[in-house]
Every structure is written in structure tokens, then in C-alpha cells.
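What the coordinates show
The residues making up each chain are set out below.
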Amino acid sequence: DAGVIQSPRHEVTEMGQEVTLRCKPISGHNSLFWYRQTMMRGLELLIYFNNNVPIDDSGMPEDRFSAKMPNASFSTLKIQPSEPRDSAVYFCASSRGEGAIDEQFFGPGTRLTVL
Amino acid sequence: AQSVTQLDSHVSVSEGTPVLLRCNYSSSYSPSLFWYVQHPNKGLQLLLKYTSAATLVKGINGFEAEFKKSETSFHLTKPSAHMSDAAEYFCVVSDRVSDYKLSFGAGTTVTVRA
């Protein structure tokens with residue numbers, strides 16, 4: 001299995017531009033998570049999908065952030081417009097079940113820099 | 001709410017010597033606890049997890065952790081460090097109410113001296 005796939009691995013953009021991060025979870029996994037990692041705040045859960053349905057988006061910072069999961073094999077996290085404070089590493093993770101007991105498999109992350 | 005405190009932000013050990021990474025948790029219920037490792041420019045990988053079974057948990061790569069309820073601790077140990085153990089380690093607790101929600105510690109960076 002290829003594991004969780006994220007693209008791009010690195011993204012540099014200018015303030016105000018739209019950014020789209022992509023994730024392909026492990027085949028057969030029902031749950032998908034988007035996390036953000038920064039030096040100041042550590043790892044934070046942004047949104048959790050189960051069976052393609054958003055269950056908890058309370059971690060999404062503000063309306064500039066949106067996430068979709070149109071099917072079981074693809075998810076996007078979009079930032080529009082982007083701001084310098086959005087610079088971070090964004091991780092996607094997937095798991096088999098509905099709870100944290102099932103191991104979450106993390107992708108390699110997308111390092112976003114907003115100038 | 002659940003939370004974890006990793007007591008050391010950085011640990012430096014010599015190759016072949018023991019490693020101890022300390023973690024204390026706060027929980028209103030019986031927690032599920034995890035240790036994840038992150039190598040440079042990589043995603044996180046699960047080392048081990050505690051889910052109310054045996055209090056001594058063995059994980060991958062020779063790591064183990066002991067759940068001590070009386071001390072609210074879940075320290076990670078390895079008897080003999082290897083150069084490949086150099087990484088960042090995260091202690092994690094799950095929220096029993098929303099058990100998909102992981103609360104991460106600030107992380108401990110481990111360096112291994114030859």
C-alpha cells in the first residue's frame with residue numbers, strides 16, 4: 001500500500017492567493033483527518049470526515065478555510081484568501097474506523113509558505 | 001478536556017544508552033494514550049498505544065511505555081538508543097467523548113550522539 005498521499009509536498013504562494021491541498025487516504029479507510037502543525041500551536045485537528053461526511057469542523061480556523069471529501073479516495077483543504085499566518089505544515093491522516101483507537105496513518109505533509 | 005504535558009522539550013542520549021521520554025496526562029475519564037514519532041520531513045508514525053488493557057505496552061522498534069494511573073503518567077522508554085531513533089516524539093491522549101479527537105503534547109526532540 002502506498003500509504004496516505006498528499007500533494008503538493010511544498011507550496012509557496014503570495015498573500016491573497018487561493019491554495020488547495022490534496023489528500024488520498026489509504027484504500028478502505030473510513031475516516032479522514034486534516035491537521036495543521038506550527039511551532040507556536042503544535043498539532044491541531046482542523047476537520048474530521050467519516051464516510052465522506054464532515055463530522056467535526058470545529059478546528060477550522062475561520063471561513064477562509066474549507067474542506068471537501070467528494071468520494072472515499074480524495075479530499076481537499078482550501079484556503080481562500082491565504083494569509084502569512086497560514087504558513088504551516090498540513091497533514092492528512094486516515095484510519096479504518098470511527099474512533100481514535102484505530103491507528104491514524106499520516107501522510108508526509110504539505111509545507112505551506114504564504115509570503 | 002484531555003491534555004498531555006511532555007516534561008522535556010529535548011533529550012540527548014549516547015548511542016546504546018537508555019532513552020526515557022516523560023509524559024503526564026490529564027483526563028476526566030479512562031484515557032487512551034499513544035506515542036507517535038516524527039522523523040524529519042516525514043509524517044507521524046504510531047509507536048504504541050494504551051487502551052485500558054495491559055498497563056505495560058510494547059511498541060515498534062524496541063520502545064515500550066507504562067501507564068501509571070496513580071501518577072497520571074505514560075513515559076516512553078527504550079533500553080538502548082540507536083542513531084535512527086533521532087526524531088521528535090509526541091505523547092497523545094484521545095478525548096473519550098469524541099474519541100477521534102487526539103490531543104498532542106508539544107513534542108520531545110531526541111538527539112543521539114555517536
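Note that the structure is predicted; figures quoted are calculated from it, not measured.

Considerations on the overall build of chain A
Looking only at helices and strands, chain A features 0 helices and 11 strands. What you see in chain A, going N to C, is helices and strands ordered as β-β-β-β-β-β-β-β-β-β-β. Relative to its length of 115 residues, chain A is compact, with a C-alpha radius of gyration of 13 Å against a globular reference of 13 Å. Taken over the C-alpha atoms alone, chain A extends approximately 35 × 30 × 25 Å along its principal axes. Across chain A, the fraction of contacts at a sequence separation of at least 24, relative to all contacts at a separation of at least 6, is 54%. Surface summary for chain A: the accessible area is close to 5600 Å², and the carbon and sulfur share equals 49%. Of note, chain A has its 11 positive side-chain charges centred 4 Å away from the centre of its 14 negative side-chain charges.

Looking at the pairing of strand E3 (residues 19-24) of chain A
All names here are of chain A. Here strand E1 (residues 5-7) pairs with E3 via 3 bridges, running antiparallel. Bridging across to E3, Gln6 finds its partner in Cys23. Two elements, E3 and strand E8 (residues 74-79), share 5 bridges in a ladder whose sense is antiparallel. Bridge assignment links Arg22 to a residue of E8, and that residue is Thr76.

Comments concerning the pattern of salt bridges
Residues and elements named next belong to chain A. Enumeration over the complete set of coordinates arrives at 12 salt bridges over all chains. Where Lys78 meets Glu18, a salt bridge forms, and the shortest distance between an N and an O atom there is 3.8 Å. Pair noted here: Lys78 is in strand E8 and Glu18 is in the loop between strand E2 (10-13) and E3, with a separation of 60 residues, a long-range link. Between Glu44 and Arg36 there is a salt bridge, with the nearest N and O atoms lying 3.5 Å from each other. Grouping residues by exposure puts Glu44 and Arg36 together as buried. One salt-bridge network, in which partners are shared between bridges, spans Glu62, Arg64, Glu83, Arg85 and Asp86.

So, unusual backbone geometry
Residues and elements named next belong to chain A. Note the cis peptide between Ser7 and Pro8, where omega equals -10°. Its place among the elements puts Pro8 in the loop between E1 and E2. Looking along the chain, the bond that leaves Gln80 and enters Pro81 is cis, with omega of -5°. Within the secondary structure, Pro81 sits in the loop between E8 and strand E9 (88-95).

Side note on the pairing of strand E6 (residues 44-50) of chain B
The two faces of the sheet receive side chains in turn, since in a regular strand these alternate between them. Counting buried residues in E6(B) gives 5 out of 7 residues, a clear majority hidden from the surface. Linking two consecutive strands that pair antiparallel, namely strand E5 (residues 32-38) of chain B and E6(B), is a turn of 5 residues; a positive phi of about 60° is found at Asn41(B) within it.

As for the confidence of the model for chain B
Confidence in the prediction for chain B averages 91 pLDDT; 96% of positions are at 70 or higher. Put simply, strand E11 (residues 102-104) of chain B is where chain B has its lowest mean pLDDT, 88, and strand E3 (residues 19-21) of chain B is where it has its highest, 98.

Overview of the interface of chain B and chain A
You'll often see interface size given as the accessible area lost when the parts meet. Contact with chain B, which involves 19 residues of that partner, is made by 21 residues of chain A. Between chain B and chain A, a total of about 1600 Å² is buried, with carbon and sulfur atoms accounting for 58% of that surface. If you sort the residues of chain B by the area they bury against chain A, Leu44(B), Tyr100(B) and Phe104(B) come out on top, with a joint share of 36%. For the interface between chain B and chain A, the tally reads 1 salt bridge. Among the ionic pairs, Asp56(A) bridges to Lys101(B), the shortest N-O distance being 2.9 Å. Viewed at the interface, chain A and chain B are joined by 3 residue pairs in polar contact (both at pLDDT 80 or more). Among the elements of the structure, E5, E6, strand E10 (87-94) and E11 of chain B are those that each provide at least two residues to the side of chain B that touches chain A. In terms of residues, the side of chain B that touches chain A owes the most to one element, E5(B), which gives 4 residues. When the residues that make up the side of chain B that touches chain A are grouped by side-chain class, the tally is 8 nonpolar, 6 polar and 5 charged.

Things to note about the state of the cysteines
The full count for this structure, using the stated rule, is 2 disulfides over all chains. Covalent S-S linkage joins Cys23(A) and Cys92(A), the inter-sulfur distance amounting to 1.9 Å. Across the disulfide from Cys23(A) to Cys92(A), rotation about the S-S bond amounts to roughly -65°, and the bridge is consequently left-handed. You can see Cys23(A) sitting in strand E3 and its partner Cys92(A) sitting in strand E9, a full 69 residues away along the chain. The residue that forms a disulfide with Cys23(B) is Cys91(B), at a sulfur-sulfur distance of 2.0 Å.

The rules behind these values
- Residues numbered from 1 in each chain as written.
- Chains lettered and ligands numbered in written order.
- Predicted model: local features only at pLDDT ≥ 70, side-chain atom pairs only at ≥ 80, totals over all residues.
- Heavy atoms only, no water.
- Helix = DSSP H or I, 4+ residues; strand = E, 2+ residues; numbered from the N terminus.
- Rg over C-alpha atoms; globule rule 2.2 N^0.38 Å.
- Contact = heavy atoms within 4.5 Å.
- Areas by Shrake-Rupley, 256 points an atom, 1.4 Å probe, with all protein chains shown as cover.
- Lys, Arg positive; Asp, Glu negative; His and termini not counted.
- Charge placed at Lys NZ, Arg CZ, Asp CG, Glu CD.
- Pairing = 2+ DSSP bridges.
- Salt bridge = Lys/Arg side-chain N within 4 Å of Asp/Glu carboxyl O.
- Buried < 20%, exposed > 50% of the residue type's maximum accessible area, 1.4 Å probe, protein only.
- pLDDT = per-residue confidence, 0-100.
- Buried area = accessible area lost by both parts, 1.4 Å probe.
- Polar contact = N/O pair within 3.5 Å; in protein donor to acceptor, adjacent residues only side chain to side chain.
- Nonpolar A, V, L, I, M, F, W, Y, C, P; charged D, E, K, R; others polar.
- Disulfide = S-S within 2.5 Å.

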